[in-house]
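Here are the chains, one letter per residue:
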Amino acid sequence: MPILSLIIWLTILGGLLTLFVGDQRCRMLALVISIIAFVFSLTLYFGFDTTTAQMQFVEHAAWLPSFGINYSLGVDGISAPLIILTTFINIVVVISAWEVIQDKPAMYLASFLIMTGFMVGVFAATDSILFYIFFEATLLPMFLIIGIWGGPRRVYATIKFFLYTFFGSVFMLVALIYMGTKTDSFAIQALHELPLGSGAQTLIFFAFFIAFAVKIPMWPVHTWLPDAHVEAPTAGSAVLAAIMLKMGGYGFMRFSLPIVPDASAQLSWLVILFSLIAVVYIGFVALAQSDMKKLIAYSSISHMGFVTLGMFVIFGIMANSTEGAADGHVVMALEGAMVQMISHGFISAAMFLCVGVLYDRMHSRQIADYGGVVNTMPLFAAFMVFFAMANAGLPGTSGFVGEFMVILATFKANFWYAFLAASTLILGAAYTLWMVKRVVFGDVANENVAALTDINRREKYMLGLLAAMVLFFGLWPQPMVNMMHATIENLVQHVTTSKL
Amino acid sequence: MKLIYICAPLAPLIGAIAAGFFGNKIGRTNAHRATIAGVAIAFLLSLVSLFHQMSGGERFDETIYTWMVSGGIKFEVGFLVDRLTVVMMTVVTSVSLMVHIYTIGYMKDDPGYQRFFSYISLFTFAMLMLVMANNFMQLFFGWEAVGLVSYLLIGFWYKKPTAIFANLKAFLVNRVGDFGFLLGIAAVLMYTGTLNYSEAFAAAPSMVGTTIELIPGVAWSALTVTCICLFIGAMGKSAQIPLHVWLPDSMEGPTPISALIHAATMVTAGIFMVARMSPFFELSVTALSFVLIIGSLTALLMGLIGIVQNDIKRVVAYSTLSQLGYMTVALGASAYGAAIFHLMTHAFFKALLFLAAGSVIIGMHHEQDIRKMGGLRKYMPITYWTSLIGTLALIGFPGFSGFFSKDAIIEAVHHSHIPGAGFAYLCVLLGVFITAFYSFRMFFLVFHGEERFDDHTREHLHESPKVVTWPLILLAIPSVILGALTIGPMLFGGFFGDAIVVDPSRDVLAEIGSHYHGVVKFVLHGFQVPAVYLALAGAVSAWYIYLRKPSIADWFADKFGFLHRLLDNKYGFDDFNQKVFAGGSLALADKLWTVGDVKLIDGMMVNGTANKIGVFSTVIRKLGSGYLYNYAFAMIVGLLAMLSIFIFTT
């Protein structure tokens, strides 16, 4: 059964169908489709062979054979978890929109379903042009979501978002075409094998780097994200943070590291530098925010610093270790980056949904407008404190796992890298818990807070689902990490095999 | 035995879940029943483990489940139960049980009754996981989990601005410690290749001679760096200078948790951790010296602040800080056994003092200022006598449990030759006088002298209910006898065996032990050294100054205003942190944001483009005039059509 195509086209066509059933019945239909898609994606976990690094669930159809472009799909240990995450978040998003979106709900849900299909396509594509098309296609629904259902400055935010990311990916397309012409194939696997000189590698590295650094986003090309988050509707922010950012991290792993290993090694210092700036500088910037969504947006950037740090610090580890690439720290750094991506998917979505819950009631994202929410919304407060703790990387939540792995691994490369990275322990706790203190705790701040009602059953399910995942992977990350081993080890092989 | 060890921490966890998630359904009484049952089971199982170990049972070191494997490095959850562990388990669960019972009375009228029980049971679970860990990851797990519960409990009364300030402060200061701790763990993993205690300890000697260049050109011993990083964690949790600032503020929480978490158990986690890591610390004299100096500074300086405090709980809090300093000194002097011994006796008498203070606070209708008390002796006899026992134990009155443990520490430091031992000896001796002085100052101001409260308070003043006084009595018993009973076997009988490693050249306890001839001789020997007389002098001075001639205190505050202000400001640590760290960070954050992000990146880098976007978007808006999404949908549909055509035609 072509399970990957099934997931992709079920959500895309299902999304179109949602458009036609009208605003009354669209919700139930969207929920059913998203649940089916999630169930399908679970087969990627249960049917997954953890012993091989080969692509699994492979599908192949010629598309533009004269150009060597194919419709080929497949998953391995780094894409399968991301696909499952995507379909899972999709369910949460549909629940979150239920009675909140009254304006064109069918179109709203359709956008999300279609976007989910595209995002799954990004992670499942094994042809680089197909990847590129899906990669760009995800921009359209997000563009609409922010542009139609967004806040007052949505036009500015959408244009900034669109141009920023579009600008980034154009370079990637050039690089892909250049390499495609050299091998007569756009299969990513073929690009992995393609020999490249040092000069070409450097150029290609930067082409990919611009595309993925904007997407993930890295300092200093991150400023589109806070604006996009602030203006996006709640679910838009959730998907943006939970999945779309991960396409950047995924790109680094799928393209940059194996295709241009020598340039990656040479320029790893640059990525590490930007990553550490992301952790420290952005951590401070988050502290200065007065808008909850902006604060969480900056927190996302800071957390993504661990992803890029984990991926590129491996060169430092190998240089510093007597065992070279065989050192366990190398695999741990890469897997830590992956775990951080998945975990951040749950936690950031949850944080944005928490803000959404408050926003739906008070129509304000300003921290100063709140205070003492716990008095009127005790159950919500419990969720919010829990997710805040996860965001601050408390052990027992999934937020801890990735950071812990990356910091432990980074120590082997350089004490000061680890020192700066570990500062997130203090900074992350400071900005997250300070916000919680000002929003959740204290006496009832004003009559609006006094009039709040606690979360309803729908919101309970929505946050409960995410809390369960955060707790589960915090207490037992093994099932997730186990999926990645073979693929990551294979990746290390590629990275350490010089193309020069 | 494995089942017993698994059930011990799980029982309180189940209690916590029952009270936390189903608190409203099962009601107040059932909530405390469930949690007390859980902790009681844990206590009994701890006793079973204790006797099993004491009767020569095998040390248990097994993995319960594999949390994760990455890069061949195992991350596991597992238990190491040896004699060090069982002592800690018993201390934690017994004090916790007393506090649970006491809470029934103390929190009687609180609307958050079930939540409170849930938290303290959760704490007991986390603390047991911490002390029973057989690897660094689980240690860190428990370490942060107790920090979380501490955060939740300090801020338990979430409407109080001071409480939610204090809990954030406590969490962040602890995170500073954890920051060092995490780097220490990373160092252990890097140099030994494992997170498992037994394997890491076995590999520790191979680290000797390994160096690390933190600053290019300056080679440091890897062991020293590792140990100091680990110890920074202990400084946070066990509130050593300069990371002590959170503990006094933590008194904003309800009194039972001040007793359980911020006196008896959680704050001693750092002491326990260093004792557990003795195979590492013993290999670095520099690290031990560092530990010793930090400990002695804390012991002396924090005790001094205790003299000028007027809040009954804060006096006890500063005394806790000072006593934690004593334990740290013992660690630095390689007298790990003495540190754990003092940890144990201190847990009981300090929990007693806190709970007694709580009893006074209930009696005084939540008045905590000792200047507004006085003469409570006749109103609260049980509280009075148990407080006296606690105070005598604290100052090290011969025969009471604190005497044995404190004397052992002082003797150990006296015999130690590690750099800084002379200074430390001076500090701990002076500390004895100061401890006695502030302890009896509080005791006399609260229970003796004239009654300084109003008639309304007097009418309602009476002894606390039985659920409050019984735990006091039960804690008073070990405060008296525990030291005499256990000093022989625990300190000098090789009780800890392999659990604690000491380099023979620094084994001060063995040296003292060679002169040890029973409890009576130890007490008599106590009279030949200065400590006892210093304690006596402290108590007598307090009596003279605060009961006979109160004018002396005012005269002193007047004459030495500078000194008084210095102590009153707690040496300026809080102001400094507030201005430099909190204020500085916020100012920096604001600058980075407004200048870095808004002006430089968005303003300069994106500005040129953004301006054009402005023009561009107006055009688009006119073109699309609100139907932009239609175009976009058309594009998506077109894309789909294109894709499908290609698929079906090929």
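All values reported here derive from a predicted model rather than from experimental measurement.

Cut-off values and rules
Residues numbered from 1 in each chain as written. Chains lettered and ligands numbered in written order. Predicted model: local features only at pLDDT ≥ 70, side-chain atom pairs only at ≥ 80, totals over all residues. Helix = DSSP H or I, 4+ residues; strand = E, 2+ residues; numbered from the N terminus. Rg over C-alpha atoms; globule rule 2.2 N^0.38 Å. Buried ≥ 20, exposed ≤ 12 C-beta atoms within 10 Å, placed from the backbone. Contact = placed C-beta atoms within 7 Å. Nonpolar A, V, L, I, M, F, W, Y, C, P; charged D, E, K, R; others polar. Pairing = 2+ DSSP bridges. Axes fitted to C-alpha atoms, helices over the stretch in contact; angles between N-to-C directions. Parallel < 35°, antiparallel > 145°, perpendicular 65-115°, else oblique. Left-handed = near helix turned anticlockwise from the far one by under 90°.

(A) Just the overall build of chain B, in detail. A count of helical and extended segments in chain B gives 28 helices and 4 strands. For a compact globule of 650 residues, the expected C-alpha radius of gyration is about 26 Å, and chain B comes in at 28 Å, within 12% of that figure. In terms of principal-axis extent, the alpha carbons of chain B reach across some 100 × 65 × 55 Å. For chain B, with 650 residues in total, the buried portion stands at 55%. Pairs at least 24 residues apart make up 81% of the contacts formed inside chain B by residues separated by at least 6 positions.

(B) Representation of the interface of chain B and chain A in the model. On the chain A side, the residues contacting the 57 residues of chain B number 58 residues. Contributions of two or more residues to the side of chain B that touches chain A are made by β1 (60-70), α5 (136-154), α6 (161-192), β3 (211-215), α26 (573-605), α27 (607-624) and α28 (628-649) of chain B. Each residue belonging to the side of chain B that touches chain A can be placed in one class, and the counts come to 41 nonpolar, 9 polar and 7 charged.

(C) Layout of the pairing of β3 of chain B. Residues and elements named next belong to chain B. The buried fraction of β3 amounts to 0 of the 5 residues, a small share that puts the element mostly on the outside. Here 4 bridges tie β3 to strand β4 (residues 218-221), and the two strands are oriented antiparallel to one another. Counterpart to Ile215 in the pairing with β4 is Val218. Hairpin connection of β3 to β4: 2 residues between the antiparallel strands, including Gly217 at a positive phi of 95 degrees.

(D) Here's a closer look at the environment of Met54 of chain B. Relative to the elements of secondary structure, Met54 of chain B occurs in helix α2 (residues 23-54). With 32 residues separating them in the primary sequence, Met54 of chain B and Val86 of chain B have C-alpha atoms 9.3 Å apart.

(E) Quick look at the pairing of strand β2 (residues 73-81) of chain B. Residues and elements named next belong to chain B. In terms of strand pairing, β1 meets β2 through 9 bridges, oriented antiparallel. Note on β2: the bridge partner recorded for Val69 is Lys74. Taking the residues that link successive antiparallel strands as the turn, the β1-β2 hairpin has 2 residues, and the phi of Gly71 there is positive, at about 60 degrees.

(F) Quick peek at the packing of helix α3 (residues 105-124) of chain A against helix α10 (residues 234-259) of chain A. All names here are of chain A. Where α3 meets α10, the closest approach of the two axes is 11 Å, and the angle between their N-to-C directions is 15 degrees. Looking at the two axes, α3 sits roughly parallel to α10. For the pair α3 and α10, the crossing hand works out as left-handed. Contacts between α3 and α10 involve Phe112, Met115, Met119, Val122 and Phe123 from the former and Ala235, Val239, Ile243, Met247 and Tyr250 from the latter. Considering only residue class, the contact of α3 with α10 consists of 10 nonpolar, no polar and no charged.

(G) Up close: helix α10 (residues 255-264) of chain B. Residue and element names in this part refer to chain B. Among the 10 residues in α10, 10 count as buried, and that is most of the element. Buried within α10 we find Thr255, Pro256, Ile257, Ser258, Ala259, Leu260, Ile261, His262, Ala263 and Ala264. Those residues of α10 hidden inside the fold are in contact with α3 (83-106), α4 (113-132), α5, α9 (246-249), α14 (312-332) and α15 (336-363).

(H) Layout of the packing of helix α8 (residues 222-237) of chain B against helix α13 (residues 285-308) of chain B. Residue and element names in this part refer to chain B. Running from N to C, α8 and α13 cross one another at 25 degrees; their axes reach a closest spacing of 9 Å. One element, α8, and the other, α13, form an angle in the roughly parallel class. Considering only the axes of α8 and α13, their crossing is right-handed. Between α8 and α13, the contacting residues are Thr224, Cys227, Ile228, Phe231 and Met235 on the first element and Thr286, Ala287, Phe290, Val291 and Ile294 on the second. Its residues placed into classes, the contact of α8 with α13 shows 8 nonpolar, 2 polar and no charged.

(I) Here's a closer look at unusual backbone geometry. Between Trp219 of chain A and the following residue, Pro220 of chain A, the backbone shows a cis peptide bond with an omega angle of 0 degrees. For Pro220 of chain A, the location among the structural elements is in the loop between α8 (198-215) and α9 (224-231). The linkage connecting Ile241 of chain B with the following residue, Pro242 of chain B, adopts the cis geometry, with an omega of 0 degrees. Tracing the chain through its elements places Pro242 of chain B in the loop between α8 and α9. Not every positive phi belongs to a glycine, and Phe57 of chain A is a case in point at roughly 55 degrees. Mapped onto the secondary structure, Phe57 of chain A falls in strand β1 (residues 56-64). Although it is not a glycine, His365 of chain B sits at a positive phi angle of roughly 55 degrees. Along the polypeptide, His365 of chain B turns up in the loop between α15 and α16 (381-395).

(J) Inspection of the environment of Gly374 of chain B at higher detail. All names here are of chain B. Looking at the element boundaries, Gly374 is found in the loop between α15 and α16. Along the sequence, Gly374 and Val308 sit 66 residues apart, while their C-alpha atoms lie 17 Å from each other. Once you skip the residues sitting within four places of it in the chain, Gly374 turns out to touch Leu445, Val446, Gly449, Glu450, Glu451 and Arg452.

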